[in-house]
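# A structural walkthrough
In case you want the letters, here they are:
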Amino acid sequence: KQEVTQIPAALSVPEGENLVLNCSFTDSAIYNLQWFRQDPGKGLTSLLLIQSSQREQTSGRLNASLDKSSGRSTLYIAASQPGDSATYLCAVRYFQGGSEKLVFGKGTKLTVNP
Amino acid sequence: SAVISQKPSRDICQRGTSLTIQCQVDSQVTMMFWYRQQPGQSLTLIATANQGSEATYESGFVIDKFPISRPNLTFSTLTVSNMSPEDSSIYLCSVATRVTDTQYFGPGTRLTVL
């Protein structure tokens, strides 16, 4: 059974810092990995999608990497801003029990202080 | 991208009653899923909604408790039956067109059971 772990569970940084969020998964036979952002009381916003054949994806100040063989991904946020404060969720898509599934980690709660 | 709407956005229900949540997508999608997010927790997959056939449930979830319909490629319903306070959660509909595609989420239905 696929398990997704995110470290740290919470992170507080001053504005302007660069930071890294970590995600690990136990079964490397994945289709892809997706990073989401969730604001309090709201739904999920997709940030980046990395296919199993890719090493990284970039969008603005965000860069996500994937090392499938070691079961690890990182989300790098450059020059953090208070508006980046949210919970960041990592999820992997894999095949089990006759269907494809997207399995989530528990998230990293990020606070960026002005 | 897909635009997903859910009804209702929130509800407060009495123990022992049932609630049906609707999910509508603005385009035809292959895969539709229902997730639950309990307070302070990450997302857990309830089931995959299959068009024209019975849903595929994850371990710990059963059809009698969470019956699902999917009459076409743009619409699905999830019913939470015989509710108890433990069913208080956010229920999210999610879609994807292909395994390699981004998975999108609806805004969620916040359910409180008294």
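Reading the values: the criteria
Residues numbered from 1 in each chain as written. Chains lettered and ligands numbered in written order. Predicted model: local features only at pLDDT ≥ 70, side-chain atom pairs only at ≥ 80, totals over all residues. Heavy atoms only, no water. Helix = DSSP H or I, 4+ residues; strand = E, 2+ residues; numbered from the N terminus. Buried < 20%, exposed > 50% of the residue type's maximum accessible area, 1.4 Å probe, protein only. Contact = heavy atoms within 4.5 Å. Areas by Shrake-Rupley, 256 points an atom, 1.4 Å probe, with all protein chains shown as cover. Lys, Arg positive; Asp, Glu negative; His and termini not counted. Charge placed at Lys NZ, Arg CZ, Asp CG, Glu CD. Pairing = 2+ DSSP bridges. Axes fitted to C-alpha atoms, helices over the stretch in contact; angles between N-to-C directions. Buried area = accessible area lost by both parts, 1.4 Å probe. Salt bridge = Lys/Arg side-chain N within 4 Å of Asp/Glu carboxyl O. Polar contact = N/O pair within 3.5 Å; in protein donor to acceptor, adjacent residues only side chain to side chain. Nonpolar A, V, L, I, M, F, W, Y, C, P; charged D, E, K, R; others polar.

In terms of regular secondary structure, chain B is built from zero helices and eleven strands. The secondary structure elements of chain B, listed N-terminal to C-terminal, are β-β-β-β-β-β-β-β-β-β-β. When the backbone C-alpha atoms are referred to their principal axes, chain B occupies close to 40 × 25 × 20 Å. With 114 residues in all, chain B has 53% of them scored as buried. Counting contacts in chain B only where the partners sit at least 6 residues apart, residues at least 24 apart contribute 55% of the total. By element, 48% of the accessible surface of chain B is carried by carbon and sulfur atoms, the whole surface being about 5300 Å². Where the 8 positive side-chain charges of chain B centre and where its 8 negative ones centre are 6 Å apart.

Turning our eyes to something else, we now look at the sheet that holds strand β8 (residues 75-80) of chain B. Residues and elements named next belong to chain B. Taken in spatial order, the four strands of this open sheet run β1-β3-β8-β7, and their pairing is antiparallel. The sheet terminates laterally at β1 (4-7) and β7 (68-72), the two strands that pair on one side only. Each neighbouring strand pair of the sheet contributes to a mean axis angle of 15°, computed without reference to strand direction.

With that out of the way, let us pick up unusual backbone geometry. In this structure, Pro8 of chain A follows Ile7 of chain A across a cis peptide bond, with omega equal to 0°. Structurally, Pro8 of chain A is set in the loop between β1 (4-7) and β2 (10-14). A cis amide bond, omega -10°, links Lys7 of chain B with the succeeding residue Pro8 of chain B. Topologically, Pro8 of chain B is positioned in the loop between β1 and β2 (10-13). The backbone of Asn82 of chain B shows a phi angle near 45°, a positive value even though the residue is not glycine. Here Asn82 of chain B is to be found in the loop between β8 and β9 (89-96).

Time to look at the environment of Pro14 of chain A. Residue and element names in this part refer to chain A. Residue position: Pro14 is located in strand β2. Classification of Pro14 as partly exposed rests on a relative accessible area of 42%. Along the backbone, Pro14 and Gly60 are 46 residues apart, and their C-alpha atoms lie at a distance of 20 Å. Not counting residues up to four positions away in its chain, the partners in contact with Pro14 are Ser80, Val112 and Asn113.

For an interface, size is often stated in terms of accessible area lost upon the parts coming together. The interface is formed by 21 residues belonging to chain B together with 20 residues belonging to chain A. Regarding the contact of chain B and chain A, the summed buried area is about 1600 Å², with carbon and sulfur atoms giving 52% of it. Run the count over chain B and chain A and you get one salt bridge. Between Lys101 of chain A and Glu58 of chain B there is a salt bridge, with its nearest N and O atoms 2.7 Å apart. The interface formed by chain B and chain A includes seven residue pairs in polar contact (both at pLDDT 80 or more). Split by residue class, the side of chain B that touches chain A holds ten nonpolar, seven polar and four charged.

All quantities given are derived from atomic positions and should not be read as evidence of function.
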